[in-house]
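Remarks on the overall topology
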Amino acid sequence: MRTDSSTDRSDTLGHALKRRHLTMLSMGGVIGAGFFVGISAIIGQAGPGAILTCLICGLIVFLVMRMLGEMAVAKPCTGSFTEYARDAMGNWAGFATGWLFWYFWVVVVGIEAVVGATLLGRWFPGVPLWLMAAGLLLLMTVVNLLSVGNFGEAEYWFAGIKVAVIIAFLVLAGLYVSGIWPGADLSFENLTAHGGFLPNGFTPVLVGVVAVIFSMTGAELVTIAAAESKEPAAAIRRATSTVVFRILAFFVGATFLLVTMLPWDSYVVGESPFVSALDVLGVPGAAEILNFVVLVAVLSCLNSGLYTASRMLFVLGAHGDAPAWMTSVNSRGVPLKGVLSCTFIGYICIAAAYLWPETIFLYLVTSSGAICLFVYILICLSELVLRRRWERTSPEILQFRVWLYPVLPIVVTVAIAAILVGMWFTGARPELVQSLIAFAVIIAAYHLKTRYRRRRDSARDPSPGEASWARAMHVDPTLRDPRTPPVGVRSGADSGEESSGPDRESSEYELDMPPNNIVK
C-alpha cells in the first residue's frame, strides 16, 4: 500500500496540500478557542505570573515538536508519531497512540460543535442549539469530503483570520502599553502593583501549566498533514523550527500585554480578557468581534479535528488495528468512510451534550483531558529509542536533530510526567482519572485483539510460502497476521510490491524489515 504510487489506487491518500496550507496550519494549530477565553482563568490564579505559565508550556511543546520533527524529517509517513511509537516500542504502542489520538480529536469534534452552536446562539437566539451544532458539523464534513485541498484551503483562511486578529491585538495593545496610543501612558506598574508579580505564589504558575498546555495542542497536526504534501520533510522542518516563535508571540506576548494593560484582578474568570482589553482601546463592538473570532477558531478546530481523526483511522486500518475498509479512499484521495465514521461519532457527542449533559457528555469531556499528554510522553519515548537506533544503523537520515540528546528528551519526559502528577493534586484530578481509564480500555482492547488473532491464526495451516518463510526465520508460522504475506511473497492483486514482513510481536527476534508500507 505504498503512497507514492503514480497510479490511482483505493488505498492512496492525496498530495494536494501546498506550502501555504501547511504554513498556516502550523501557525493556527496552536490557537484554539480556549486561548481567547480560558486564559482568564490562568490570569485569575497566577496573576502576572501567567506569563511564566505560558512560557513553560511553550518550551515543553516546542521541545516535543522538535523531537517529532527529528523523526518526521528522518522518515516522513502518514501516521507520524503513531508510526514512530510502533517502530520504537512495538505494535502495542502504535495501537495505543493511534486510538488515544483518535479518541481525543473525535471528542473534540463534538465538543467544538456544541461550543460553536452556543456562539451562534448569540446572533440567532430562536434557532435550537442542537440544530446549529449539527449544521456546523455537517458543514465541516462536506469540506473534508471534497478533497484534502479543500481542507487545506479552509484551514488556510481560518488560521489566517486567527493569526491576523492576534497580530492586530499585539500591535494595538503594544502601542497602548508603550504610551503611543492616545490617552495612554508608558507604564508597567500593573505587573507588580496588585500583590506583586506572583500574588498567590509560584504554585499557581505550575498548576496553570495543566490548563494552558491543552490550549497549545494542535501544533503536531502539521506532521500528519505534511504526508499529503509534495515536500513533507521540508514542511515539517519549517513548522517545528518556528513553533517556538509563534508560541512566544501569540501566548506569551498576548498574556504579557493583557496583564500590563489592566490589573490582573480586574479580569473576570470565564469571560474573555480580550474583550476588556479591546474596550480599553476603545474598539467598538469588541464583544461581537471576539464572538466572531472564537467562532472561527471553533470551525478551525472542527475542520482539523475531522481531518486528523480520519487519518488516524486510515493508519490504524493499514495495520489491522481498525477495520480494513478505513483505508479505502475515493478518487480524490479522501478516506471517505473514515471521515463519515468520525462524523457519526461527533453526532453522538452532540446528542449526549443535549440529552445527557451531566453524565455521558461530561465523561467524554473529562476522559479526554490528559490524553494529549499521554501522546506527548509516547513521542518522547519514541525519540529516545529511535534516535539511538538510527545513530547506529543509518545516521545519514538524522538531518534535523534534537539538542543535548539524551538529556533534553529525558528532562522533557520527566516534566510532562510531573504535569500529570500535578493533575492528581489539583482540580484536574477527574480528568486524569478518566483519561487513565480510557488509556486502560485501549490497552485492554489491544491485548484482546492480539489474543483473538493468535487463536484464529493457530486454527489455520500455513501456506507453502509462509512455511518456507517460517523455516528461514525460525519462527512459528501460525503466529503471523495472515493478511501480511512474508517477505518476498506477493499478495494477489498487489503483486507489484513486497509485503512488510511479519508482525513485530510474532517473533522473539529483532528482524530487519523493509520500510513500512505507508512511508512515503
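Only a predicted model underlies this, so the values are computations on that prediction, with no experimental measurement involved. (Residues numbered from 1 in each chain as written. Predicted model: local features only at pLDDT ≥ 70, side-chain atom pairs only at ≥ 80, totals over all residues. Heavy atoms only, no water.)

To continue, consider the environment of Thr366. Inspection of the secondary structure puts Thr366 in helix H14 (residues 360-367). The sequence separation of Thr366 and Glu431 amounts to 65 residues, and the corresponding C-alpha distance is 4.5 Å. Discounting chain neighbours no more than four positions away, the residues touching Thr366 are Pro430, Glu431, Gln434 and Ser435. (Helix = DSSP H or I, 4+ residues; strand = E, 2+ residues; numbered from the N terminus. Contact = heavy atoms within 4.5 Å.)

As a further point, take unusual backbone geometry. The omega torsion of the bond from Tyr405 to Pro406 falls at 0°, within 30 degrees of zero and hence cis. Within the secondary structure, Pro406 sits in the loop between helix H15 (371-393) and helix H16 (407-424). Here the phi dihedral of Leu404 falls at roughly 55°; this positive angle occurs in a residue that is not glycine. With respect to the helices, strands and loops of the structure, Leu404 is situated in the loop between H15 and H16. Given a relative accessible area of 63%, Leu404 falls into the exposed group. (Buried < 20%, exposed > 50% of the residue type's maximum accessible area, 1.4 Å probe, protein only.)

What follows deals with the packing of helix H6 (residues 129-146) against helix H13 (residues 336-355). The N-to-C vectors of H6 and H13 enclose an angle of 170°; their axes lie 10 Å apart at closest approach. One element, H6, and the other, H13, form an angle in the roughly antiparallel class. For the pair H6 and H13, contact is made by Leu129, Trp130, Ala133, Ala134, Leu137, Leu138, Thr141, Asn144 and Leu145 and by Leu336, Val339, Leu340, Thr343, Gly346, Tyr347, Ile350 and Tyr354, respectively. Among the residues forming the contact of H6 with H13, the class breakdown is 13 nonpolar, four polar and no charged. (Axes fitted to C-alpha atoms, helices over the stretch in contact; angles between N-to-C directions. Parallel < 35°, antiparallel > 145°, perpendicular 65-115°, else oblique. Nonpolar A, V, L, I, M, F, W, Y, C, P; charged D, E, K, R; others polar.)

Moving on: the side chain of Glu383. Residue position: Glu383 is located in helix H15. Residue classification places Glu383 among the buried residues on the basis of a relative accessible area of 0%.

With that settled, consider the nonpolar core. By size, the foremost hydrophobic cluster in this structure holds 155 residues, and its most contacted members are Phe36, Val64, Trp102, Phe169, Phe274, Leu373 and Ile416. Per element, the largest residue contribution to this core is 19 residues, and it comes from helix H5 (residues 91-121). The residues touching Phe274, leaving out its near neighbours within four places in the chain, are Phe35, Phe36, Ile39, Phe169, Ala254, Leu258 and Leu290. (Core = buried A, V, L, I, M, F, W, Y, C linked by side-chain atoms within 4.5 Å.)

Checked against the element boundaries, Asp321 lands in the loop between helix H12 (286-318) and H13. Looking at Asp321, the relative accessible area reads 8%, which means it is buried. In contact with Asp321, other than residues within four places in its own chain, are Arg86, Phe95, Trp99, Leu316 and Lys449.

Moving on to the confidence of the model for the protein chain. Mean pLDDT over the protein chain stands at 81; residues scoring 70 or higher make up 84%. pLDDT under 50 marks residues 1-10. Its contacts with residues more than four places away, or in other chains, come to 25 contacts. This stretch, residues 478-520, has a pLDDT under 50; its non-local contacts, to residues over four places away or in other chains, come to 96 contacts. (pLDDT = per-residue confidence, 0-100.)

Tallying each qualifying case throughout the model produces eight salt bridges. A salt bridge links Glu70 to Arg387, with the nearest nitrogen and oxygen atoms 2.7 Å apart. One end of the pair, Glu70, is in helix H3 (residues 50-74); the other, Arg387, is in helix H15, with 317 residues separating them in the sequence. For the residue pair Glu70 and Arg387, the accessibility class agrees, reading buried in each case. (Salt bridge = Lys/Arg side-chain N within 4 Å of Asp/Glu carboxyl O.)

What follows concerns a nonpolar patch on the surface. Nonpolar side chains collect at one region of the surface, where Trp123, Phe124, Val127, Leu129, Trp130, Leu131, Phe292 and Tyr354 lie side by side and expose about 730 Å² of accessible area between them. It is H6 that contributes the most residues to the nonpolar patch, three residues altogether. (Patch = residues over 30% accessible without salt bridge, like charges linked within 9 Å, V, L, I, M, F, W, Y side chains within 5 Å. Areas by Shrake-Rupley, 256 points an atom, 1.4 Å probe, with all protein chains shown as cover.)

So, about the packing of H14 against helix H17 (residues 429-458). Their axes nearest at 7 Å, the elements H14 and H17 cross at an angle of 90°. For the element pair H14 / H17, the angle class is roughly perpendicular. Every residue of H17 that contacts H14 at Tyr363, Thr366 and Ser367 is listed here: Pro430, Glu431, Gln434, Ser435, Ile437 and Ala438. Looking at side-chain class alone, the contact of H14 with H17 contains four nonpolar, four polar and one charged residues.

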